[in-house]
Amino acid sequence: MAESTKMEVETATVTAPLPPKPTFVPLTAHEMSDGKVQFRKLSVPPNRYSPLKKAWLDIYTPIYDQMKIDIRMNLKSRKVELKTRADTPDISNLQRSADFVQAFMLGFDIPDAISLLRIDELYVESFEIKDVKTLKGEHLSRAIGRLSGKGGKTKFAIENSTKTRIVIADTRIHILGAFSNIKVARSSLCSLIMGSPAGKVYSKLRSVTARLNE
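Rules and cut-offs
Residues numbered from 1 in each chain as written. Predicted model: local features only at pLDDT ≥ 70, side-chain atom pairs only at ≥ 80, totals over all residues. Heavy atoms only, no water. Pairing = 2+ DSSP bridges. Helix = DSSP H or I, 4+ residues; strand = E, 2+ residues; numbered from the N terminus. Axes fitted to C-alpha atoms, helices over the stretch in contact; angles between N-to-C directions. Contact = heavy atoms within 4.5 Å. Buried < 20%, exposed > 50% of the residue type's maximum accessible area, 1.4 Å probe, protein only. UniProt positions renumbered as here; feature names shortened; annotations may be inferred.

K.L.:
So what exactly am I meant to see when it comes to the sheet that holds strand β5 (residues 165-169) here?
P.N.:
Hydrogen bonds along the backbone pair up the strands of a sheet, which may run parallel or antiparallel. Taken in spatial order, the 3 strands of this open sheet run β4-β6-β5, and their pairing is antiparallel. Of all strands in the sheet, those with a lone pairing partner are β4 (122-128) and β5, marking the two edges. Averaged over all adjacent pairs, the angle separating strand axes in this sheet is 15°, with direction ignored. One ladder, built from 5 bridges, connects β5 with strand β6 (residues 172-178); its direction is antiparallel. Looking at β6, one finds that Arg-165 is bridged to Leu-176. Seen against the sheet, helix α11 (residues 179-194) touches β4, β5 and β6 and runs at an angle of roughly 150° to β6.

Set out below in structure tokens:
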């Protein structure tokens, strides 16, 4: 009797082997959105219509071939339309492509704007001169002149030292770059708007960029 109970206890403690872990194939971007097509529509400003027409192939090729996103120009509504495809590898490609097209609309050159497709940490920040200081008439014209410098010298100096790209479109300023670099470039531009001489801004810029490069 004792032997039979012992045998029962032993058989009860022997556990059955666990089934193997299931291996799931990663979902495609198309499956993640339940097979729904996602869209982005970007308005084309009147002043960028002709440049867009000339550079269309340079914009179309990387978006269609590399990012696997469908793109077309809707002539009726004057908007660039983007949508995902069944073979789009990553859902974030749609937003990256939209950022690239938007950067071109703001006035950035194709070689600069295309970096938004390739590098994750890049952003575009925009602000107006009146956000920093309320200026009118000649004071505003002089501020815009200070930002560019003679032959664009000041703007190029800020771009090269902060590794950013700057577009000055009338009273709007657009900066393309990494977050920390945009912060330094914006600080320098704001100092120039407030009336600081270019020499003072250069020396401050040198010390800040030296700290950033350490």
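Once you've had a look at it, read on.
K.L.:
Mind showing me how you'd approach the environment of Arg-142 here?
P.N.:
Among the structural elements, Arg-142 can be located in helix α9 (residues 137-148). Judged by relative accessible area, Arg-142 falls into the partly exposed class, the value being 43%. In this structure, the C-alpha to C-alpha distance between Arg-142 and Ile-173, residues 31 residues apart in sequence, is 15 Å.

K.L.:
Quick question: what am I supposed to make of the UniProt feature "domain: K Homology" (unreviewed entry) in the protein chain here?
P.N.:
UniProt tags residues 121-194 as "domain: K Homology" (unreviewed entry). Between the first and last C-alpha atoms of residues 121-194 the distance is 29 Å; the span itself is 57% helix and 26% strand.

K.L.:
It is not clear to me how the sheet that holds strand β3 (residues 79-84) should be interpreted in this structure. Could you clarify?
P.N.:
Spatially, β1-β3-β2 is the arrangement adopted by the 3 strands of the open sheet, whose pairing is antiparallel. Strands with a single pairing partner mark the edges of an open sheet, and in this sheet they are β1 (39-43) and β2 (69-74). Shown here is a sheet whose adjacent strand axes are inclined to one another by a mean of 20°, direction ignored. When β1 meets β3, the two strands line up antiparallel, connected through 5 bridges. Looking at the pairing, Lys-41 lines up with Glu-81 of β3. Relative to β2, helix α4 (residues 56-66) is tilted by about 150°, and along the sheet it contacts β2 and β3. Against the sheet, helix α5 (residues 92-106) touches β1, β2 and β3, its axis set at about 5° to β1.

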